[in-house]
Amino acid sequence: MPPSTLKIDGDKARMSGVTTLDRTAFGVGQGEWQATDQIPAQVKVSVQLTATR
């Protein structure tokens, strides 16, 4: 599966995508959640959007 897709059908557009982010680069997981042994630093982010004109 490609990392993202865009389909346009008349007045509707649908987009989906997947990527991996380092949560620690955004300050997510501080204090007791900073360790990466139970929750990895690399997390998968998925998005699905529908736009209508």
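Colleague: What am I meant to see in the side chain of arginine 23 here?
Modeller: One can find arginine 23 in the loop between strand 2 (12–22) and strand 3 (42–52). One buried charged side chain, arginine 23, makes no salt bridge at all; its nearest oppositely charged neighbour is aspartate 22, positioned 6.4 Å away. A polar contact of 3.3 Å, which involves the side chain of arginine 23, links it to the backbone oxygen of tryptophan 33. Residues within four places of arginine 23 in sequence aside, it is in contact with Val28, Gly29, Trp33, Gln34, Ala35, Thr36, Ile39, Pro40, Ala41 and Val43.

Colleague: Please clarify how the pairing of strand 1 (residues 4–9) should be interpreted in this entry.
Modeller: Within a regular beta strand, the side chains point alternately toward one face of the sheet and then the other, so they alternate between its two faces. A small share of strand 1 lies buried, amounting to zero of its six residues. One ladder, built from six bridges, connects strand 1 with strand 2; its direction is antiparallel. When the bridges of strand 2 are listed, isoleucine 8 appears paired with alanine 13. Linking strand 1 back to strand 2 in an antiparallel pair, the connection comprises two residues, with glycine 10 at a positive phi of about 65°.

Definitions and cut-offs
Residues numbered from 1 in each chain as written. Predicted model: local features only at pLDDT ≥ 70, side-chain atom pairs only at ≥ 80, totals over all residues. Heavy atoms only, no water. Helix = DSSP H or I, 4+ residues; strand = E, 2+ residues; numbered from the N terminus. Buried < 20%, exposed > 50% of the residue type's maximum accessible area, 1.4 Å probe, protein only. Lys, Arg positive; Asp, Glu negative; His and termini not counted. Salt bridge = Lys/Arg side-chain N within 4 Å of Asp/Glu carboxyl O. Polar contact = N/O pair within 3.5 Å; in protein donor to acceptor, adjacent residues only side chain to side chain. Contact = heavy atoms within 4.5 Å. Pairing = 2+ DSSP bridges.

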